[in-house]
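# Summary of structural features
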Amino acid sequence: MATITVDGIEIEIRTGERLNAIEAAARAGVEIPHYCWHPGLSVVGSCRMCLVEIGTRDPSGKVSMGPKLMPACNTLVRDGTVIVTQSEKVQHARALVEEGLLLRHPVDCPICDKAGECRLQDYYFEYGQAEGRRADIRPFTSRRRDLGDVTFFTDRCILCTRCVRFTREISGTSELMVRDRGAHEEIDIVEGFPLNNKLSGNVVDLCPVGALGDKDFLYKQRVWFMRRHQGVCTGCATGCSIWVEENQDRVHRIKPRENPEVNRWWICNDGRYGYPHVHDPDRLVGAVHRDAGRTVPLDFTGLAARLRDGLQASGGTLGAVLSPFLTVEEAYLLATAIRQLDSGAVLAIGPVPVVGEDERFPGGFTIAAEKCPNRLGVEKVLAHFTGGVTSFDQFVAKVGEGALTGAWVSGGYRDPWIEERTAEKFARLKTLVVQDLFPSPLSKRATFELGGAAFPERDGSYVNRQHRLQSVGWAIRPPAGTRTEGSILWELCGREGLYNASVVLQELARKIPAFGAAVGDFSDIGIDLRLNQLA
Ligand code: FES
């Protein structure tokens, strides 16, 4: 173990562990302000905001400090390193850096999207001088340029170059560069080659000030009006950890949530901008019963009993299609409910959408070709109930042969997923329950048509392509009149009270060995993310 001292606090790090002074100080609970450094990018040490005093302690305990301030981002600590972050010298240096950065910075915070989460604001408040020394009036607005996927507010930029390094090191597309030198330096693109890649939205998150604006979010919301919730992206099998940011049940922004095991600090644009379907006016809402050409709306009271009676009335073999968009808890409840009604019920997985091949970027980020979040989780549930996995095509064949009389089909797909020709085969069923996000050729034929929940409206867990389980809670409520899959299935299984995903997951962990490793204290499932490598 190596011992490091930060402002008099001693911490120990593993021998051989490579930490810079910012990371070491963070372990001691001390924040060193920084702009240009980011743990996912190379170190350039250009902003000088992280200057601190660095010294060493010899074995006799004598401390000798270096003569100059050092950039903490570019200083690796080792046994005996002493870091001082609160001296007068350091405070003075920080105040001067802030003053320098603000010399040409426009005073347009009232209209800047970054206001409220801007490091320039925060650090100036924390470390800046009480009064500026620039006598003349600074510009009230910034020049603005279209760089492609993002809008660039030229004068707000502090030239930290995080965005430039991202396009070189992570996306590998190198669209951004620094043009000119000295006071004329600016971030730019080569004309005709705009910033346009599948990870480009990350440069907006990386920008510590408001220089790079997200076109999708621009001027939509003040950040202090939004609440953020831990979520999992359901756009592909990578299952990136995300923040879902909403105001009054309306999602306004999706941002990556740091997760070293899955997506590190990044998400792709498909996941970032893939939420408008959540508020699509064409979504299926509520529940209806079709009988002899009449469509009757159903209310929540007694809904589960009506569904149960409807399925039992079909009088033969039942079946269920477990969508790969269901959480493992929902899949387990659906399989349990159908097997309670018919112990020989046929269980199958829904269609698994695959587009092209996995895309791997130089920085290690992968966009999976499989465009659903939970194929592996649903397959594990199916294997528990049936000893194997029946595909959707096999299920459709059984329906076509007349082997089933009633079925429950779960959807949840963002895009059209079933064709008229396939849906026609389900016309043979006496009872068909379809719960889905959007109307489809199948939902039109359903005896019971139920609106389903979109991803930010669900409680539960997903197993990504690395067999990693992630549990999250709901961020927004579903549209009025719509009940989530979990809550309907919970009732269908005859359980009392409100749907509780953590209870189902613990039950799963007891019954299915693969989920055994996932047992933990899930009492705070709606708040905490738990990561567990499944067996
Ligand atoms: Fe160290 Fe910018 S963070 S110089």
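Further up the page is the structure itself.
As a starting point, this report considers the structure included with it. (Residues numbered from 1 in each chain as written. Predicted model: local features only at pLDDT ≥ 70, side-chain atom pairs only at ≥ 80, totals over all residues. Heavy atoms only, no water.)

## What to know about the overall build of the protein chain
What counts is decided by this rule: Helix and strand definitions follow DSSP, with helices as H or I runs of at least four residues and strands as E runs of at least two, each counted in order from the N terminus. In this analysis, two residues are considered to be in contact whenever any of their non-hydrogen atoms come within 4.5 Å of each other. Using a 1.4 Å probe, accessible areas were evaluated by the Shrake-Rupley method; residue-level cover was limited to the displayed protein chains.
Across its full length, the protein chain carries 15 helices and 25 strands. Across its three principal directions, the C-alpha atoms of the protein chain cover 85 × 55 × 40 Å. The contacts in the protein chain between residues at least 6 apart in sequence include a share of 66% that link residues at least 24 apart. Accessible surface, the protein chain: about 23500 Å² in total, of which carbon and sulfur atoms supply 51%.

## A word on the packing of helix 8 (residues 328-341) against helix 14 (residues 501-511)
For clarity, the cut-off: Convention adopted: a line fitted to C-alpha atoms gives each axis, helices being fitted over their contacting stretch, and angles between N-to-C directions are expressed from 0 to 180 degrees. For classification, angles of less than 35 degrees are called roughly parallel, those exceeding 145 degrees roughly antiparallel, those between 65 and 115 degrees roughly perpendicular, and all remaining angles oblique.
The N-to-C vectors of helix 8 and helix 14 enclose an angle of 70°; their axes lie 9 Å apart at closest approach. Viewed along their axes, helix 8 and helix 14 adopt a mutual orientation that is roughly perpendicular. Residue-level inspection shows V328, E329, Y332 and L333 of helix 8 in contact with helix 14, the latter providing A501, V504, L505, E507, L508 and K511.

## So, the pattern of salt bridges
The condition is simple: Each reported salt bridge corresponds to a side-chain nitrogen of Lys or Arg within 4 Å of a carboxyl oxygen of Asp or Glu. Three exposure classes are used, based on accessible area relative to the maximum for each residue type with a 1.4 Å probe and protein chains only: buried under 20%, partly exposed in between, and exposed over 50%.
Summed over all chains, the structure comprises 32 salt bridges. Between E507 and K511 there is a salt bridge, and its shortest N-O distance comes to 3.8 Å. Here K511 and E507 lie together in helix 14, a separation of four residues that amounts to about one turn. Residue classification places K511 among the partly exposed positions, given a relative accessible area of 45%. Each member of the salt-bridge network shares a partner with another, and the members are R143, R145, D155, R179, D180, E186 and D188.

## So, the sheet that holds strand 21 (residues 431-436)
Note the cut-off: Two strands are counted as paired when DSSP detects at least two bridges linking them.
Strand order in the open sheet made by the seven strands is 15-14-22-21-20-16-17, with mixed pairing throughout. Lying at the two open borders of the sheet, with one neighbouring strand each, are strand 15 (294-298) and strand 17 (346-349). Taking each pair of neighbouring strands and ignoring which way they run, the sheet shows an average axis angle of 15°. In the sheet, strand 16 (residues 318-322) pairs with strand 17 via four bridges, with the strands oriented parallel. Within strand 17, the position partnered with L322 by the bridge is I349. Running at roughly 175° to strand 16, helix 8 makes contact with strand 16, strand 17 and strand 20 (406-410) of the sheet. Against the sheet, helix 13 (residues 485-492) engages strand 20, strand 21 and strand 22 (448-451), with an angle of about 150° to strand 20.

## A look at the sheet that holds strand 12 (residues 241-247)
Taken together, three strands build an open sheet; the order of strands is 11-12-13 and the sheet is antiparallel. Two strands bound the open sheet, and with one partner strand each, they are strand 11 (227-232) and strand 13 (250-256). Averaged over neighbouring strand pairs, the angle between their axes works out to 30° when direction is ignored. Summarising the sheet, strand 12 and strand 13 pair through six bridges and their orientation is antiparallel. Looking at strand 13, one finds that I242 is bridged to P256.

## Digging into the environment of L505
Secondary-structure assignment places L505 in helix 14. Residue classification places L505 among the buried positions, given a relative accessible area of 1%. Linking L505 and G460, residues 45 residues apart in sequence, is a C-alpha distance of 8.1 Å.

## Comments concerning the packing of helix 2 (residues 88-102) against helix 3 (residues 119-127)
We apply this condition: For any helix crossing, the convention is left-handed if the near helix is rotated counterclockwise from the far helix by under a right angle, and right-handed if that rotation is clockwise. Classes in brief: Ala, Val, Leu, Ile, Met, Phe, Trp, Tyr, Cys and Pro nonpolar; Asp, Glu, Lys and Arg charged; the others, Gly included, polar.
Running from amino to carboxyl end, helix 2 crosses helix 3 at an angle of 140°, the nearest separation of the two axes being 10 Å. The angle between helix 2 and helix 3 falls in the class oblique. In this structure, helix 2 crosses over helix 3, and the sense of that crossing is left-handed. Facing Q91, R94, A95, E98, L101 and L102 of helix 2, the residues of helix 3 in contact are L120, Y123, Y124 and Y127. Its residues assigned to classes, the contact of helix 2 with helix 3 shows seven nonpolar, one polar and two charged.

## Quick notes on the packing of aromatic side chains
Note the threshold: Aromatic pairing here means that ring centres of Phe, Tyr or Trp (its six-membered ring) are within 6.5 Å. Orientation follows from the plane angle: under 30 degrees is stacked, over 60 is edge-to-face, and everything else is tilted. Here, a charge over a ring is recorded when the distance from Lys NZ or Arg CZ to the ring centre is within 6 Å and its angle to the ring normal is within 35 degrees.
All chains considered together, the criterion is met by twelve aromatic pairs. Measuring from centroid to centroid gives 4.9 Å for Y413 and W417, while their planes differ by 20°, and the two rings are stacked. In this structure Y413 comes out as buried when scored by relative accessible area, which is 5%. Given a relative accessible area of 15%, W417 falls into the buried group. An aromatic cluster is built from F325, F392, F395, Y413, W417 and F426, whose rings are joined through pairwise contacts. Looking at R156, its charged tip hangs above the ring of F153, at a distance of 3.9 Å from the centre. Here the basic side chain of R483 rests over the ring of F300, its NZ or CZ set 5.3 Å away from the ring centre.

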